[in-house]
Every structure is written in structure tokens, then in C-alpha cells.
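# Structural description and commentary
The residues making up each chain are set out below.
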Amino acid sequence: MTTSATELLWAALDGDSGLTGRVSYGGPSGLLAARLPVMELARATVAVCALAAAEYAAAAGGCGPIPAVRVDDGAVATAFVSERRLLVDGRAPVAFAPLSRFWRTSDGWVRTHANYPHHRAALLAALGTDEAGVESALAERRALDVEEAVYAAGGLAIALRTPEEWAAHPQGAAVADGPPLTRERLDDAPPRRRGSGPLRVLDLTRVIAGPVATRTLALLGADVLRIDPPRLPELPDQHADTGFGKRSATLDLDHPADRRTFDELLDRADVLVTGYRPGALDRFGPATRPGLVVARLSAWGDDGPWSGRRGFDSLVQAATGIALLEGSPERPGALPAQALDHGTGYLLAAAVLRSLTEQRSDGGTRLVRPALARTARFLTHVLPRPAPPAADAVPYAPGPWLSESAGPLGRLRHARSPVSYDGGPEDWARPPGVWGGDAAAWT
């Protein structure tokens, strides 16, 4: 019998193999159609997240029966494009800025990411031009030269690679072996959970994968406090999409008073989730405490020459060959969703929940390390390729999996969470608030 994607991911999370039988599947078929098995990845990452949530709920409630889990393809497909389904007072957000796209170079293609103002400025500085001159400046240069020059300037650009070129690249080799994520027990410290209050999650993440994970933990009742530097505001629509259930505060960790506040928050946290590149927070001292669950998300993984580089879903698609597999050398393509981001987010949340469940009996400080490039490897090399989509597929209407709420940001139409188990929450307890508008304190 073929091992399913859910079983493979649940095994990577060290879950009891007998529990996957509690998961059932349904909903409309043919969604997130692609040359690669995007729907299978999406379904499986949501399934293991929901199963880990059901397991944790049972353990926290006194080890009663683990609730059954239901995965609906309509809910999954809607959530995996939540940033596209969002409406803010009837307005649809813009997913990518004008300079975030594929560009022709003298020898191929390069993918840039310039949604944030500081990344846009770095890109223009590296090319020595203004926005109007980007196309001509790139057309005169080799893709690999652009990749290195923009990175050196603090920007983001990736040369389009074939799967074979990525496999031969040192970073591709670094993520070729091993599971979709790693989990470690660092010591025998007792867990940090105290009393019956909500789980405290300190959220230091940005841009889809990390915020999806912490948004999911907030759905399940955690007190999620997101901390951002005051000089780097989050994009408003990104915050509106992934801020459900959370509070948002700003701290300047270079300022002694703010650093003390952060240390006090960390002293009382149960979970720390970071989305900064490996090593980026080292200058602020140890970002862990005995008994803490630490989830450290990265784009490229913790090993290899690119381990310290920034990255986003679209860039990982370009580097790993996905953009060519979904398109052609004449016109690179993309997955039907930012599935590396969303899938990694649900997998990250599942790993945190599994670690918390294990802590209840075994204690120990825990470290979880997912990476977008590892999720890409699972998608391209582990899961079987899907059959071509049916020509008579029924049109997909996402309405049943959308909800509306009113709050400080206006009236939001948003995707409901696809994480569902018997007796579990159906929607977030609160809409997103103003970015940075909350106190840096636990409730």
C-alpha cells in the first residue's frame, strides 16, 4: 500500500502512526491544479496540523479520546490563497509590488522580491537605476551576477534554475537529504506551561509561513503576541490577512528598555516562533529559555552556503526549479498558491503542537526547524505527480469557506481556517487590530 502524504508528514513529526486513521477527507475535487502535487501537499500539511491540534486538546483535557479530524479540500484551497481572498472594506489587496516579478536577463531570467520599501531600495541601488530603468538594466546582465549583486546590497533576487541546476548547487545538496523539518529535544528541563491560562506564543515572524503558523495557534486559543521592530512596519494587507486572533506590538531590541521588556516576555512565554534568517537574532543574546518550545523558520534551511540568506516563497520556487516545472524556459510559471509558505506554516504549527504534547510527559526544551526549501523538496521529489486536471472540472466557488468580521481595520472578508477537528474552534476570537497598536505584555 502506498504511504500517503499525511502519513509521511505525521511520521516526520514523530506522531503515533495509528492516529492517522482518525483523519477523513472530503470536499470538491480538482482544486489547486498544477503540474506538481500542490493539493496533496496542502491537504497533508493541514491534516497533520489538525491532528496535532486534536492530540494536544485531548492531552490538555486529561488524555480523553483524540477527536476525529475532518479535512475539506474547499477549506484548504481557500486558505492557501487567503491573501487573495481577503477584502478590506470591499477592496482587494495587491499581492506583489511592481518590482516583484520575473525579468529577462542577458542569459535567462531572474526573480526579484521588492514588496517592502527597504528591499525595493536595495534592488535599485544594486542596479544603479530608478524603477523605470530596471528592465533595461537587468537585460544587460547575467542572472547569476544580478543574484549576487542584489544580495550584496541587501536586496532579494534569484536566478531561475532548472531542477538539475538546483540539485548541483551546494544549497540544493544541503536540503536534499533529511525530513521536511527537524525536531530536537535539547535538554531535560520541565515544560514552561503553568496553570490553566492560555498558551503564550511570542511571534517574531513575517510574510505568510510564520504568521500562518501563529495565526493557527491563535485560532486554537493561544495568546499570540507578535513583536516587530518599529522602523519596519508590516505591509497593511499582509497584516490584515495573517493577524487574526493575535495582538501586535513593537519593540526596538537595540534599545535597552525595550530589550528588557522583550526578555521579560520571553521569560513568561511557552513558545517562541521566529522567522528571521538563522543567526539574525544572535547579537541580542540567547533567544531561548529552559522548557521553551522554539520554532525557527528559515527560507533555505540551517545548513549550506545560503543558510543565512533571506528568502520568500516566490524566490524558492525560482531557485529550486519549480518555476520551470510550472512554466517553461520561455515563460517561467508559478504554483497556483504560495504553497511553500502556507504548507510550511501549517507544518510549523503542527510541530509546535506535537512538541507541547510531548512535553507534558517528557519535558525538555524543544527546537523545531522548518524551511521553505525543505517543503519544496518534499513537493518536487517525495510526492507523486498528479494526473492532468479533468477538462470538465466543476467551477470552484469559495463562498462556503469565507467569513466576514468588523474590527479596527474595517470590514474584512477572509478565508476561514481549514484546521478542523470535532469540538474544535470554528473561527478566530478576534479580528486583527492595528499593527503595533497593543502593549508589549501578556494578557
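Everything discussed here concerns the structure shown above.
Every value quoted in this text rests on a predicted model; they were computed, and no experiment measured them.

As for its placement among the helices and strands, serine 328 is situated in the loop between helix H14 (322-325) and helix H15 (339-362). Classification of serine 328 by relative accessible area gives partly exposed; the value is 22%. For the pair formed by serine 328 and threonine 162, sequence separation is 166 residues and the distance between their alpha carbons is 10.0 Å.

This part is about helix H2 (residues 38-60). Across its 23 residues, H2 extends 33 Å between first and last C-alpha, which sits within 8% of the 33 Å expected from 1.5 Å per residue. Looking one or two residues past H2, glycine 62 carries a phi angle of roughly 105°, positive in sign.

Let's shift gears to the sheet that holds strand S15 (residues 410-415). The strand order across the open sheet built from 3 strands is S3-S15-S14, with neighbouring strands paired in antiparallel fashion. The sheet is open, and its two borders are formed by strand S3 (87-88) and strand S14 (402-407), each paired with just one other strand. The sheet contact formed by S3 and S15 spans 2 bridges and is antiparallel. Residue pairing in the sheet places valine 88 in a bridge with leucine 412 of S15.

With that settled, consider the nonpolar core. Ranked by internal contacts, the top residues of the largest apolar core, which has 100 residues, are Phe80 and Trp300. Sorting elements by how many residues they give to this core places H2 first, with 16 residues. In this structure, Leu253, Phe262, Leu266 and Ala269 belong to the second largest nonpolar core, which totals 17 residues.

Right, let's get into the side chain of arginine 366. Note on placement: arginine 366 falls in strand S13 (residues 366-370). On the accessibility criterion, arginine 366 (6% relative accessible area) is buried. Within the structure, the side chain of arginine 366 is placed 2.8 Å from the side chain of glutamate 358, a separation counted as a polar contact. Among the polar contacts listed, one links the side chain of arginine 366 to the backbone oxygen of glycine 364, at a separation of 3.5 Å.

The next subject is the packing of H2 against H15. Running from N to C, H2 and H15 cross one another at 20°; their axes reach a closest spacing of 8 Å. With respect to each other, H2 and H15 are oriented roughly parallel. Crossing hand, H2 versus H15: left-handed. Taken together, the residues of H15 that come into contact with H2 (itself represented by Val38, Leu41, Thr45, Val46, Val48, Cys49, Ala52, Ala53, Glu55, Tyr56, Ala59 and Ala60) are Ala339, Gly343, Tyr346, Leu347, Ala349, Ala350, Leu353, Arg354, Leu356, Thr357 and Arg360. Its residues assigned to classes, the contact of H2 with H15 comprises 17 nonpolar, 3 polar and 3 charged.

Time to look at the environment of proline 179. Take proline 179: it is sitting in the loop between helix H9 (170-174) and strand S7 (181-185). Proline 179 sits in the partly exposed class, given a relative accessible area of 36%. As for proline 179 and glycine 399, which are separated by 220 residues in sequence, their C-alpha atoms are 36 Å apart. The contact partners of proline 179, leaving out residues within four places of it in the chain, are Ala12 and Arg374.

Rules used in this analysis
Every chain is numbered independently, its residues counted from 1 as its sequence is written. Per-residue local features of the predicted model are confined to residues with pLDDT of at least 70, and side-chain atom pairs are confined, for both listing and counting, to 80 or more; whole-chain, interface and lining totals are unaffected and use all residues. Excluded from the side-chain calculations are hydrogens and water; all other atoms, namely the structure's heavy atoms, are used. For the purposes of this entry, the term helix denotes a DSSP run of H or I that reaches at least four residues, the term strand denotes a run of E that reaches at least two, and both are numbered from the N terminus. Per-residue accessibility, obtained with a 1.4 Å probe over protein chains only, is compared with the maximum for each type, and a residue is labelled buried under 20%, exposed over 50%, and partly exposed between these values. Multiplying 1.5 Å by the residue count of a helix minus one yields the expected span of that helix. When DSSP finds two or more bridges between a pair of strands, those strands are recorded as paired. Each nonpolar core is a collection of buried residues, namely Ala, Val, Leu, Ile, Met, Phe, Trp, Tyr and Cys, held together in the definition by side-chain atoms within 4.5 Å. Throughout this description, a polar contact denotes any pair of N or O atoms lying within 3.5 Å of each other; where both atoms belong to protein, one of them has to be capable of donating a hydrogen while the other can accept it, and for residues adjacent in sequence the pair is counted only when both atoms sit in side chains. Interaxial angle, 0 to 180 degrees, is taken between N-to-C directions of lines fitted to C-alpha atoms, where a helix line uses only the stretch in contact. Any angle between 65 and 115 degrees counts as roughly perpendicular, while under 35 counts as roughly parallel, over 145 as roughly antiparallel, and the rest as oblique. Should the near helix be turned anticlockwise from the far one by less than a right angle, the crossing is left-handed, and should it be turned clockwise, the crossing is right-handed. Here a residue-residue contact requires only that any non-hydrogen atoms of the pair lie within 4.5 Å. We call Asp, Glu, Lys and Arg charged. Ala, Val, Leu, Ile, Met, Phe, Trp, Tyr, Cys and Pro are nonpolar, and the rest, Gly among them, are polar.

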